[in-house]
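# Structure at a glance
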Amino acid sequence: RQKDNKYKTWMPKFLMAKEDKDQRKSSNDVERNIFKVKKSNAEKTKKMEKEEKFFRETFMYDKEINVINTATAECSVPSKRRVDLPVTAGEQLDIIDVTEGNAVICRNSEGRYGYVLVEHLNFR
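Residues numbered from 1 in each chain as written. Predicted model: local features only at pLDDT ≥ 70, side-chain atom pairs only at ≥ 80, totals over all residues. Heavy atoms only, no water.

### What about the pairing of strand 2 (residues 92-98)?
Heads up, the rule is: Should DSSP find at least two bridges between two strands, the strands are taken to pair. Think of it this way: any DSSP run of H or I at least four residues long counts as a helix, any run of E at least two long counts as a strand, and we number them from the N terminus.
Pairing of strand 1 (residues 69-73) with strand 2, which is carried by four bridges, proceeds in the antiparallel orientation. Considered in strand 2, the bridge of Ala-71 is made with Leu-93. Bridge count for strand 2 against strand 3 (residues 103-107) is four bridges, and the pairing is antiparallel. Within strand 3, the position partnered with Ile-95 by the bridge is Cys-106. Counting the residues in the hairpin turn of strand 2 and strand 3 gives four residues, including Gly-101, whose phi is positive at 105 degrees.

The following block contains the structure:
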């Protein structure tokens, strides 16, 4: 018996005996979150691309989209027009472009673009 233990070869876990594998949960029973994350990221990027395309068509914006600054919305403001961006208090916004007058073009975390009045923003 001691002789058998002495010469026993080491086996990696993936080469375990079939009985041991049956005791563990099968891969079908285990829900995999890896694929869900990738799916939601793919949906989010697709939605953001759609919003960017709509923004470029609506605003006739042909320049490269660069974030100039970031700001926080001081108060909640609903949008009156489609080109206005509805904001909620405390929301982080990326400033994309400065326009003539008192409005700037912003992008929210969902990827939507629109005009926001400067007086509703808090620059840090």
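From this point, the narrative continues.
### Concerning the sheet that holds strand 2
Quick note on the threshold: The convention used is that axes are lines fitted to C-alpha atoms, helices contributing only their stretch in contact, and that angles between N-to-C directions extend from 0 to 180 degrees.
In space, the five strands of this open sheet follow the order 4-3-2-1-5, with antiparallel pairing throughout. The two strands at the open ends of the sheet, each matched to only one other strand, are strand 4 (113-117) and strand 5 (121-123). Shown here is a sheet whose adjacent strand axes are inclined to one another by a mean of 50 degrees, direction ignored.

### Remarks on the packing of aromatic side chains
The condition is simple: Ring pairs shown here join Phe, Tyr and Trp side chains whose ring centres sit within 6.5 Å, with only the six-membered ring taken for Trp; geometry is labelled stacked below 30 degrees between planes, edge-to-face above 60, and tilted in between. The classification of residues rests on relative accessible area computed with a 1.4 Å probe and restricted to protein chains. Under 20% of the type maximum is buried, over 50% is exposed, and intermediate values are partly exposed.
Summed over all chains, the structure comprises four aromatic pairs. Judged by centre distance (5.1 Å) and plane angle (45 degrees), the rings of Phe-55 and Tyr-61 are tilted. A residue is classified by how much of its surface remains accessible, and Phe-55, at 1% relative accessible area, is buried. Between Phe-59 and Tyr-115 the ring centres are 4.9 Å apart and the planes differ by 55 degrees, which places this aromatic pair in the tilted class. Separated by 56 residues along the polypeptide, Phe-59 in helix 3 (residues 34-59) and Tyr-115 in strand 4 bring together distant segments of the chain. Taking relative accessible area as the criterion, Phe-59 reaches 16% and is therefore assigned buried. The class for Tyr-115 is partly exposed, based on a relative accessible area of 27%.

Such coordinate-based values are descriptive only and should not be taken to indicate function.
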